[in-house]
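Breakdown of the fold
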Amino acid sequence: QVQLVESGGGLVQAGGSLRLSCAASGRRFSDYAMAWFRQAPGKEREFVGAITWTGGSTYYADSVKGRFTISRDNAKNTVYLQMNSLKPEDTAVYYCAASIKGYTGDYVSGYGNWGQGTQVTVSS
């Protein structure tokens, strides 16, 4: 099993940027495809994006494409979410997730390991 801890959330004005980090421990990090999800109050958890084991491919939800970038550093056991041009509708708790099967899709059930989440609030 891998344990995941997110950090980097906070309060930012619309148009600003934040970088979230997700540090992994336990099983070898490079065994996992990684993803970011978010959940706003009263809404279902939604896919933000994912990255393959090696970082060679990334996938994004249409709502964040062109604004958010996922990357990973396997030497540091960390995956990142760079968020630019933030909008109030990006306000949510952001979660990182891991898939030992290499899944990079948008189903919550495709990921077996989750972090505790970090709050991102974008003010208008």
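Above this text sits the structure in question.
Residues numbered from 1 in each chain as written. Predicted model: local features only at pLDDT ≥ 70, side-chain atom pairs only at ≥ 80, totals over all residues. Heavy atoms only, no water.

For the rest of this paragraph, the subject is the nonpolar core. Among the nonpolar cores identified, the biggest contains 35 residues, and M34, W36, L81, M83 and Y94 are the most heavily contacted of them. Broken down by element, the residue count for this core peaks at five residues, all from strand β9 (residues 92-99). Ignoring sequence-local partners within four residues, the contact set of M83 consists of G16, S17, L18, L20, R67, F68, Y94 and V120. (Core = buried A, V, L, I, M, F, W, Y, C linked by side-chain atoms within 4.5 Å. Buried < 20%, exposed > 50% of the residue type's maximum accessible area, 1.4 Å probe, protein only. Helix = DSSP H or I, 4+ residues; strand = E, 2+ residues; numbered from the N terminus. Contact = heavy atoms within 4.5 Å.)

Let us now look at the pairing of β9. Looking along a regular strand, one sees the side chains alternate between the two faces of the sheet. Burial of β9 is extensive: seven of the eight residues sit out of reach of the surface. Inspection of the sheet shows β9 paired to strand β11 (residues 118-123) by three bridges, in the antiparallel sense. Bridge pairing links V93 to Q119 in β11. The pairing of β9 with strand β10 (residues 113-114) spans two bridges and is classified as antiparallel. (Pairing = 2+ DSSP bridges.)

A word on the environment of Q1. Following the sequence through the fold, Q1 ends up in the segment before β1 (2-7). Accessibility expressed as a relative area gives 62% for Q1, which makes it exposed. Along the chain, Q1 and N113 lie 112 residues apart, while their C-alpha atoms are 7.6 Å from each other. Aside from chain neighbours lying at most four places away, what touches Q1 is S25, G26, R27, Y32 and N113. For Q1, the side chain forms a polar contact with the side chain of N113, separated by 2.3 Å. (Polar contact = N/O pair within 3.5 Å; in protein donor to acceptor, adjacent residues only side chain to side chain.)

Turning to the pattern of salt bridges, a few remarks are in order. Under the defined criterion, the tally for this structure stands at six salt bridges. Of the charged contacts in the structure, one is a salt bridge between R38 and D90, with a shortest N-O distance of 2.9 Å. Of this pair, R38 sits in strand β4 (residues 33-39) while D90 sits in the loop between β8 (78-83) and β9, and the two are 52 residues apart along the sequence. On the accessibility criterion, R38 (5% relative accessible area) is buried. Judged by its relative accessible area of 1%, D90 is buried. The residue R67 makes a salt bridge to D90 at a minimum N-O spacing of 2.8 Å. Remark: D90 occurs in the loop between β8 and β9 and R67 occurs in the loop between β6 (58-60) and β7 (68-73); sequence separation between them is 23 residues. Side by side, R67 and D90 carry an identical accessibility label, which is buried. (Salt bridge = Lys/Arg side-chain N within 4 Å of Asp/Glu carboxyl O.)

These values are about where atoms sit, not about what they do.
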